[in-house]
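This is what each chain is made of:
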Amino acid sequence: MRSKLVFFCLTLLYVKTVRTCRRHQQVNLQPYMGTTLTYPEKYPEETGFKANCSWEIIAPSGFDVVVHPLWSCGCRTTIKLYNDTTFLQLGNHSFDCPAEMVDNSKRIIRIGLSQFWLVLSTMSSSDEGGLRFRFMAVEINKGNTCESSGTRLLASRTPTFITSPGFPSQYQPNLKCTWLVETALPEDDAYLVFEFRSQFLEQISAFNGDCFDYVKLDGLDTFCEENEENILQTHSRVLKNKTSVEVSFITDHSIEESGFVLTFYVKESVKILSFRSSDSVLREGKSLWIQAVIKGGSVSSVQWFYNGISRSNTSSRLIMGSCTSANGTECHMLNISRVLPRDEGMWTVKVSDGIATTERSISIKVLPKPVLQMIPRYDFLNLTGDEINIQCSVINPESIIGVTNGSLIWQKNLKEIVSGSGFNINDTNTTTMLTKLSAKPDDSGSYSCSLSGYPDPVLVSIDITVAQPGQKRCLDENLDGIIWSATIVGRNKQTSCPNNQKGTATRYCNLQGTWDSPNLVNCTDEAFLNASIALGSLIEDGVDDPETLQKAVNNTLVTMQNLTSKVDGLSSGDISSSIDILDKIVTITNRTDGGIEKEGFFGVVDNVLSTNNSDSWTAVSEKTDKAVTSLLKSVDTLSEVIMKQNSVSTANFNGKNLELTIDRTKIGETGMTFPAVSPNNISKAVEENATFFELPKQHKTTDKAFNYVAVIYKTISDIMPKDSKSKRMANSNHDKEGEKIVKEEYVDSGILSLSTQTDLGELSPPIQLTFQHVSMDKGSNFQAVCVSWNFTINQWSEKGCTMKSTASKSTVCQCNHLTNFAILMRTYDTDKEASSSLEMLSIIGVILSIAFTILTFVVYILTWKQIQTDQNTLLLNLCGSLVVGYIMFLSTVKNTSNEILCTISTATIHYFFLVTFFCMLGMGIYYFFSITVTYYAMYVANNFRSKSRIHWFLLGGWGFPFVIVASTLGGFWGKGYHQKNYCWLSMESGSLYLFIVPVCIIAVVNVCIILSLIRVLYASSAMKKSSLHEKTVSGLRSLGTLLPVLGVTWILGVLALNEDAIVFQFVFIIANSLQGVFIFLSHVLLNKKLLRVLKTRYPCLSVLTTCTWSRRKELVYVSDEQPSTSRGQLIKELKQTFGKSGKYSFNNEEKVPASDSFFTEETVFSENCSFAAQDKIVVMSDVVSKNEESKSC
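The sections below set out a description of the structure shown in this document. None of these values were measured; they are calculated from a predicted model. (Residues numbered from 1 in each chain as written. Predicted model: local features only at pLDDT ≥ 70, side-chain atom pairs only at ≥ 80, totals over all residues. Heavy atoms only, no water.)

Notes on the overall build of the chain
Tallying secondary structure elements over the chain gives 25 helices and 61 strands in all. By residue count, 48% of the 1193 residues in the chain fall in the buried class. Residue pairs at least 24 apart in sequence account for 75% of intrachain contacts in the chain once pairs closer than 6 positions are excluded. Roughly 57,800 Å² of accessible area belongs to the chain as shown, and the carbon and sulfur atoms make up 53% of that amount. (Helix = DSSP H or I, 4+ residues; strand = E, 2+ residues; numbered from the N terminus. Buried < 20%, exposed > 50% of the residue type's maximum accessible area, 1.4 Å probe, protein only. Contact = heavy atoms within 4.5 Å. Areas by Shrake-Rupley, 256 points an atom, 1.4 Å probe, with all protein chains shown as cover.)

Now the structure itself:
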């Protein structure tokens, strides 16, 4: 309770927070164990007081606290100590800010309390600084003297402490103290451990290297550290396998320091009780476990080694962990899921308790798996009547030693072939031969050779096709040193790679019986193959020894430099292997924290990017999933690894195809340009069409220096193939001959890249990139596009980049992020112009709609007492939700940088648009009951109007959308809820359908309601007497009143989904973005009752309201003002229509008030204009307003 009260008081007094941290933190000290309190966590590398914190420091009973402070802070920050709520002023020891503690290496302050508070209070978020306090609990009554004759101390498993006299106060000069430390009970496999918990003695003599003041452990070492890092810090841990050790402390006559704390205790040595494996001899492919049972002390680390090289858990085959133990032992196990021949050797476990290390080893022998080889090695074609001859051999006979009852067995289509069944079989020890003198078509099939008696399946197979005479096929051919034997059309032929290359070459025999071009992408130089296998083994085996990894990587780079510098270029297989090897090098380098020969790595990349390899790169891109962007990824990843290092040396590489700089900069103080162009020569560089970027000084970033890597790929456009992926065809996209027009795109510049150690976020101002075009004559069919490579989706993206200017020779781009940038030439897209026009129209329409909807809302609020009805309540809700939805759409739909905010924006827009449509549905239902139901079933209509039901409509209008939006968000969370480039529902994931379906259902329902209303309108007697022109005008005006508020125009959106239906898209955009304008026209300017109210309340508007109606022709009007004389006519019509059927009764007419009649004959005359309306037309207007008014009468 006391501590809570203190904390509450401190919070009230000193927490003037800018941004809070954990307010109350308790620090419990152990005897003579230094405890460090640091804020911020990485102080002094990082600084910044931006919080208010308090720490309660507690020492054990019989101890008080000493502190070694180090801090710096700004002028609006305080660091104070409190005993409960009492401020502690410790003599001359002040913790007031601002202060920069520079000479406090000797400063240890004794608080004199076992419990107190340290409070940090900040009143400004701009204060820079930090703190690092070291605390230690020291005995209160510790003596200030020592014995020179020797004090006998007994060591046990519990730590005991020796301190300099008076610690932490300065010790006296001319001291000679001696302690004899002995073990209380001698134990086997135990040793004495000594640890310095604090040490600060007079510095070493500059003349002879001797210590002025020192601590000597007999038979071990002499210690005289004068380092601030050792004050109240554990260091210099030593052990001695003896039963007694003499400890001496000697001082001279001069300078005295704070002294030392030395602890000692007996520790049991760690022992490996057993070390065994599941097998010492096992076959390849089997699993193996090795187990170590350990006892004694606390194990701090367990390491596994193979032939002296350490292994880690990063392996895909090796799993290291603990196992069940008993009787105070620890069990550790290494599991190898699939043993390989390279696992044969000595496996060692090393166990350490932080002081001593012990190890055990075991030898493992691995028998290789049998390898079967068939001759011929690949599928082949036999002609009918020719001889079939196949040989199968075990090429590593040592692998079948110990295999009993083993033999080679032939099978055809998984059925065993026995000698005498038309085939002859000749066997030797490790070889078998299958022959048939005359092949028949039935002999076609899959032939396999397997080894019986071996514990695991061992099998090899080939397909044989026996061709009939005249069967279409590709004939034998010798091309570039490869013999392509005949094969049936429609099949891929496999054969060995040429010369010294390893792998498999393939070639397709097309349906015309001719050979396509060979595919040699899987053929690679043997040296490439060996290098790739060696690196892959290091990764797969989890090798983490830095020296071994660095040696392997650097040796590989030397080999790669020689292999990739061929004058005649690299084959497609060599390119593919180079990509794999460079990727593995980056993976391994990441384990060694950047230990790599950078010049060698970038030299290999430069060679691989040579334009001599253009054809090979094209083959790699077409035949594999690899591309030149794989190299960009490797360079980017290596850059990230290099930038992790705090001390990165400046490096520059300038090759024929690649230029790179590694350096440090303070982007908050100055910008950068790459490749290096002086500020005075930038305009000249632009004139010369150089490719470079300028990153200006950033407004919102750290002022600290950070590492960066800038790269320009000069010739990459020459080796990147043209992209024809955009093949969106329409019937109109054919030329005169009916051929499809393919939309091509290609890189037409070098690629600029910038990676930084610190994430700069969204750049402000943006980076500006100037690109020289490779092809100066781009033609009128192409347009330049500023793009960046998105490694997530593996394609060029325009997101975050805009074009500042472009010409025939160069283009200038601006981007708000960092990655790899280029200029992409695309075929001119007319659809994009239409899309821009649609977007501009939409924005203008939405802005107008917002303005007029707000105006409608304001007018209705100003006249609400006179026009308050359920219908108008729904209209105001519709206007409110429409305005909020439109504003959210305009302001947030493109802000996709923050995933959470984008998701919230999408859900909010979805919700308010759905509310708008459900309000439209509510208004449609009101119209239906007020007009259609009244005409056909007046009793039902009267019952509906007997009381207000607006609360149910509002509950449904706002509640149902919430359920739909919540269900959509929950169902599509993490599954593409919104689009990648917009904060709106995604068609690709299907979330958009949860908006489209409700909208379409509401629109269809409202269409049906409108049709019923029009039918009632035209069924009235007045309309029957009207001319065709009058009927048309009346119907159109009624539609103009109903369509905007019932959302029927959204049905056009279904037709607009077709990207080629440009006309429907324009009509849809205009009709819906101007919805607010239409609502204002139909429900304000054309609303008789509202205009009369405005005329009454605001006489200045009388001219407007009078002239609005002066030229209207009206005959029958569904109005908000009905004379009583019209009731008889309506009842008369209803009797004529329904009276004969007997379904409705009209005898008791008093049950229907005159005010509830809806169809009237009325002539509206102009009062102020020069003539009166003589003609009459039929219209539909504020019917529901009239009904609501009648209920209040």
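What to know about the side chain of S881
The topology assignment puts S881 in helix α12 (residues 870–892). Within the structure, S881 has its side chain in polar contact with the backbone oxygen of L878 (distance 3.0 Å). Looking at S881, its side chain comes within polar contact range of the side chain of T916, at 2.8 Å. Filtering out sequence-adjacent residues up to four positions away, S881 remains in contact with F912, V915, T916 and W958. (Polar contact = N/O pair within 3.5 Å; in protein donor to acceptor, adjacent residues only side chain to side chain.)

Some words on the packing of helix α3 (residues 546–564) against helix α4 (residues 572–591)
Orientation of α3 relative to α4, taken along the N-to-C sense of each, is 155°, at an axis distance of 10 Å. On the basis of their axis angle, the class for α3 and α4 is roughly antiparallel. When you trace α3 past α4, the crossing you get is left-handed. Of α4, the residues touching α3 (which contributes L549, V553, T556, L557, M560 and T564) are S578, I581, I585, I588, T589 and R591. Grouping the constituent residues of the contact of α3 with α4 by class yields seven nonpolar, four polar and one charged. (Axes fitted to C-alpha atoms, helices over the stretch in contact; angles between N-to-C directions. Parallel < 35°, antiparallel > 145°, perpendicular 65-115°, else oblique. Left-handed = near helix turned anticlockwise from the far one by under 90°. Nonpolar A, V, L, I, M, F, W, Y, C, P; charged D, E, K, R; others polar.)

With respect to the sheet that holds strand β29 (residues 372–375)
Pairing is antiparallel in the open sheet, where four strands are placed in the order β29-β31-β35-β34. Two strands close off the open sheet at either side, each with one partner strand: β29 and β34 (424–427). Going across the sheet, the axis of each strand differs from the next one's by a mean of 15°, ignoring polarity. (Pairing = 2+ DSSP bridges.)

Quick notes on the packing of α12 against helix α21 (residues 1075–1085)
For any two helices packed against each other, one specifies the crossing angle of their axes together with the interaxial distance. For the pair α12 and α21, the least separation of the axes is 11 Å and the interaxial angle reads 155°. Compared by their axis directions, α12 and α21 come out roughly antiparallel. In the crossing of α12 with α21, the sense of the turn from one axis to the other is left-handed. Where α12 abuts α21, its residues Q871, L875, L878, C879, L882 and Y886 lie against Q1075, G1076, I1079 and H1083. Each residue belonging to the contact of α12 with α21 can be placed in one class, and the counts come to six nonpolar, four polar and no charged.

Some points on the environment of L538
Along the polypeptide, L538 turns up in helix α2 (residues 526–540). Not counting the four nearest positions on each side in its chain, L538 is found in contact with V543, L549, A552, I588 and R591.

What to know about the sheet that holds strand β36 (residues 445–452)
Spatial ordering of the open sheet is given by β30-β37-β36-β32-β33, a layout of five strands whose pairing is mixed. Where the open sheet ends on each side, the last strands, each with one partner, are β30 (380–383) and β33 (415–416). Two strands pair when backbone bridges link them, and strand β32 (residues 407–412) and β36 are joined in this way by six bridges, in the antiparallel orientation. Considered in β36, the bridge of S407 is made with S452.

Remarks on the state of the cysteines
Under the counting rule described, the total for this entry stands at eight disulfides. There is a disulfide in this structure between C146 and C177, and the S-S distance comes to 1.6 Å. For the disulfide bridge between C146 and C177, the dihedral angle about the S-S bond is near -50°, and by the sign convention the bridge is left-handed. Note that C146 is positioned in the loop between β10 (130–139) and β11 (151–155) and C177 in strand β13 (residues 176–183), a separation of 31 residues in sequence. Paired by a disulfide, C323 and C331 hold their sulfur atoms 1.6 Å apart. Residues C323 and C331 are joined through a disulfide that is left-handed, its torsion about the S-S bond being -70°. With no disulfide of its own, C879 has C919 as its nearest cysteine by sulfur position, at a separation of 9.4 Å. For C879, a relative accessible area of 1% puts it in the buried group. (Disulfide = S-S within 2.5 Å.)

Focus: the pairing of strand β19 (residues 259–268)
Counting buried residues along β19, nine of its 10 residues qualify, which places the element largely inside the surrounding structure. By the bridge criterion, four bridges tie strand β12 (residues 160–163) to β19 in an arrangement that is antiparallel. Bridge pairing in β19 links F161 to T263. Where strand β14 (residues 190–200) lies against β19, 10 bridges are found, and the strand directions are antiparallel. Bridge pairing in β19 links A190 to E268.

Focus on a nonpolar patch on the surface
A contiguous nonpolar surface patch, about 490 Å² in accessible area, is contributed by M987, Y993, L994, V997, I1001 and V1005. Relative to the elements of secondary structure, M987 occurs in the loop between α15 (950–971) and α16 (993–1019). (Patch = residues over 30% accessible without salt bridge, like charges linked within 9 Å, V, L, I, M, F, W, Y side chains within 5 Å. Salt bridge = Lys/Arg side-chain N within 4 Å of Asp/Glu carboxyl O.)

What about the packing of aromatic side chains?
All chains considered together, the criterion is met by 30 aromatic pairs. Seen in terms of ring centroids, F249 and F260 are 4.9 Å apart; in terms of plane orientation they differ by 70°. Their pairing is edge-to-face. Taken together, the positions of F249 in strand β18 (residues 244–250) and F260 in strand β19 put the pair 11 residues apart, joining distant regions of the chain. The pair F249 / F260 is uniform in exposure class, with both members buried. Between Y306 and W347, the aromatic rings sit 4.9 Å apart at their centres with planes inclined by 45°, giving tilted as the arrangement. Of this pair, Y306 sits in strand β23 (residues 301–306) while W347 sits in strand β27 (residues 345–352), and the two are 41 residues apart along the sequence. Here Y306 matches W347 in class, with each residue buried. Among the aromatic residues, those joined into a ring-pair cluster are Y171, W179, F196, F223, F249 and F260. The positively charged end of K633 is found above the aromatic ring belonging to F791, 5.0 Å away from the centroid. (Phe/Tyr/Trp six-rings, centres within 6.5 Å; stacked < 30°, edge-to-face > 60°. Lys NZ or Arg CZ within 6 Å of the ring centre and 35° of its normal.)

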